[in-house]
Amino acid sequence: MSSSATAAGWAKQAWASLGRLSYTSLSLLALPSYAAELAAHALTGQQTPDLAYERLGLCTAERPAGPVLWFHAFSIGESAVALPVIFRCLLEYNEHVHVLLTTSTPEARTLLQNSLPPRVTVQFLPLDNMLCMRQFLAHWKPQACILMESPAWPALVECCAAAGVRLALLNARLSSRVFLSWFCSAPRRALLGSMLSSFNLIVPQSDIDVGRFRILGATLGQMPGWCSDLKYAAALGTSVWHLWRPRPGRIAALRQAVAGRTIWVAAHTAPGEDEAVGSCHVRLRSDWKGLLTVLVPRTSSRCKQVAAVSSRTTDG
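The structure contained in this document is the topic of the report that follows. (Residues numbered from 1 in each chain as written. Predicted model: local features only at pLDDT ≥ 70, side-chain atom pairs only at ≥ 80, totals over all residues. Heavy atoms only, no water.)

**Some words on the overall build of the chain**
Summing up its helical and strand segments, the chain has 14 helices and eight strands in all. Counting over 316 residues, the chain shows a buried share of 38%. A sequence separation of at least 24 residues applies to 67% of the contacts in the chain between residues at least 6 apart. Of the accessible surface of the chain, which amounts to about 17,400 Å², a share of 60% is contributed by carbon and sulfur atoms. (Helix = DSSP H or I, 4+ residues; strand = E, 2+ residues; numbered from the N terminus. Buried < 20%, exposed > 50% of the residue type's maximum accessible area, 1.4 Å probe, protein only. Contact = heavy atoms within 4.5 Å. Areas by Shrake-Rupley, 256 points an atom, 1.4 Å probe, with all protein chains shown as cover.)

This is the structure:
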């Protein structure tokens, strides 16, 4: 190996160490403020104490006997990607294999909790720092960790690699903006390259994503191919129906409540769009008698705000 190649390797390792040290230090320094915020939310009733415990890596559920496969889906969208794979695992493996599904948003956890088979346990992902992650892994001792879409969990990846947990990244993607944010910073680029080297399997969404991950340090041996977006997998319909299945009595009550009315659903709205929908509703209801407009904000935390905006816009 030439001296220039050796120097480049040392420089890459130095940048990766710098990036890892910076992230580890900042995440640990921020831990007291995060803990105080979680405690305040629990005391004011914004979330239950068990959710705060889970964010700190304190597990509220017992680990079942036998192997555990750990899936992490950041939000509801990533959960839709994970569900077909989870259900396939439940079919393929016997009753001694259990699934741990973690998420990072209250909306996803509320939706998933008590909606999946008994062999699936749902928890919050702990804060991404070494203390919380080590405590989490010491309790669950998973055999494998499968991340959805993003590998950007430095403490999680490092702790799993140190504990001998096999890592996989499914439906992996890097948008142009995210790719440039990693590539244009030497410490960040080296840190991501170090994280990617810990994965046993990476399945990108497209050939473009294959190229981006390759540039950032993943090898072709880690990426046997690309899968297209798993959100459109054939099994998704069954998975989503299982999760969001309405009760027959609820269906009948809703049909009776909206019988004969024209319905307009404005779904996944962002701040600023609700006023426009309300104004359109006011104009349309003169031509569409009994028009029912249903506003569905992107996050449930905005429901009260959307209700207030709709009341003002439509004059109640």
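**Things to note about the packing of helix α13 (residues 273-284) against helix α14 (residues 303-313)**
Close contact between α13 and α14 brings their axes to 9 Å; oriented N to C, the two are set at 35°. The handedness of the crossing between α13 and α14 is right-handed. Contacts from D274, E275, G278, S279 and V282 of α13 reach α14 at V306, V309 and T313. (Axes fitted to C-alpha atoms, helices over the stretch in contact; angles between N-to-C directions. Left-handed = near helix turned anticlockwise from the far one by under 90°.)

**Topic: helix α6 (residues 130-140)**
Looking only at α6, the buried set comprises M130, C132, M133, F136, L137 and W140. All buried residues of α6 fall inside an arc of 165° around its axis, so they share one side. Structural note: α6 exposes L131 and R134 on the side pointing more than 90 degrees away from its buried face. Between the side-chain oxygen at the start of α6 and the backbone nitrogen of L131 there is a gap of 3.2 Å, and the oxygen is on N129. A positive phi of about 45° marks K141, the residue just after α6. (Arc of directions from axis to C-beta. Polar contact = N/O pair within 3.5 Å; in protein donor to acceptor, adjacent residues only side chain to side chain.)

**Looking at the packing of aromatic side chains**
Enumeration according to the criterion identifies three aromatic pairs in this entry. Aromatic pair F74 and W153: ring centres 6.2 Å apart, planes at 35°, arrangement tilted. In this pair, F74 is assigned in the loop between β1 (68-72) and α4 (76-92) and W153 in the loop between β4 (144-148) and α7 (154-163), connecting sequence segments 79 residues apart. On the basis of relative accessibility, which here comes to 16%, the residue W153 falls in the buried class. (Phe/Tyr/Trp six-rings, centres within 6.5 Å; stacked < 30°, edge-to-face > 60°.)

**Points about the pairing of β1**
Across the five residues of β1, five count as buried, placing the element largely inside the fold. Burial along β1 is two-sided: the face carrying V68, W70 and H72 and the face carrying L69 and F71 are both buried. Here β1 runs beside strand β2 (residues 98-103); their pairing, made up of five bridges, is parallel. If you follow W70 over to β2, its bridge partner there is L100. As a crossover connection, the stretch from β1 through α4 into β2 is right-handed. Of the strand pairs in this sheet, β1 and β4 are connected by four bridges, and their pairing is parallel. Each bridged residue has a counterpart across the sheet, and for F71 the counterpart in β4 is I146. (Pairing = 2+ DSSP bridges. Right-handed = clockwise from strand over helix to strand, strands pointing away.)

**Thoughts on the sheet that holds strand β3 (residues 120-124)**
Strand-to-strand pairing in sheets goes through backbone hydrogen bonds, with the strands running parallel or antiparallel. Sheet architecture is open: six strands sit in the order β3-β2-β1-β4-β5-β6, paired in parallel fashion. Both edges of this open sheet fall to β3 and β6 (201-204), since each of them pairs with a single strand only. Averaged over neighbouring strand pairs, the angle between their axes works out to 15° when direction is ignored. Packing of α4 onto the sheet brings it into contact with β1, β2, β3, β4 and β5 (166-172), and relative to β1 it is tilted by some 165°.

**Quick word on the packing of helix α8 (residues 176-183) against helix α9 (residues 186-196)**
Remark: α8 packs on α9, axes separated minimally by 6 Å, with the N-to-C direction vectors making an angle of 105°. When the axes of α8 and α9 are compared, the pair comes out roughly perpendicular. Along the contact surface, α8 presents S181, W182 and F183, while α9 presents R188, R189, L192 and M195. For the contact of α8 with α9, the residue count by class is four nonpolar, one polar and two charged. (Parallel < 35°, antiparallel > 145°, perpendicular 65-115°, else oblique. Nonpolar A, V, L, I, M, F, W, Y, C, P; charged D, E, K, R; others polar.)

**Brief notes about the side chain of Q123**
Mapped onto the secondary structure, Q123 falls in strand β3. On the basis of relative accessibility, which here comes to 1%, the residue Q123 falls in the buried class. Other than its neighbours up to four places away in sequence, Q123 contacts E54, C59, T60, A61, L100, L101, T102, T103, R109, F136 and W140.

**Looking at the nonpolar core**
Within the largest apolar cluster, 35 residues are counted, with the highest numbers of intra-cluster contacts made by W70, C145, L147, L156, C160, I202 and F213. Elements represented by at least two residues in this core include exactly β1, α6, β4, α7, β5, α8, α9 and α10 (207-215). Excluding anything up to four places from it in sequence, W70 contacts L100, T102, L125, F136, L137, P142, A144, C145, I146, L156 and C160. In terms of nonpolar packing, the next biggest core, distinct from the first, is built from 23 residues, A82, V120, I146 and L170 among them. (Core = buried A, V, L, I, M, F, W, Y, C linked by side-chain atoms within 4.5 Å.)

**Some thoughts on unusual backbone geometry**
In this structure, K141 takes a positive phi of about 45° despite not being glycine. Looking at the element boundaries, K141 is found in the loop between α6 and β4. Positive phi outside glycine occurs at H268, with the angle close to 60°. Secondary-structure assignment places H268 in strand β7 (residues 263-269). Given the relative accessible area of 52%, H268 is considered exposed.

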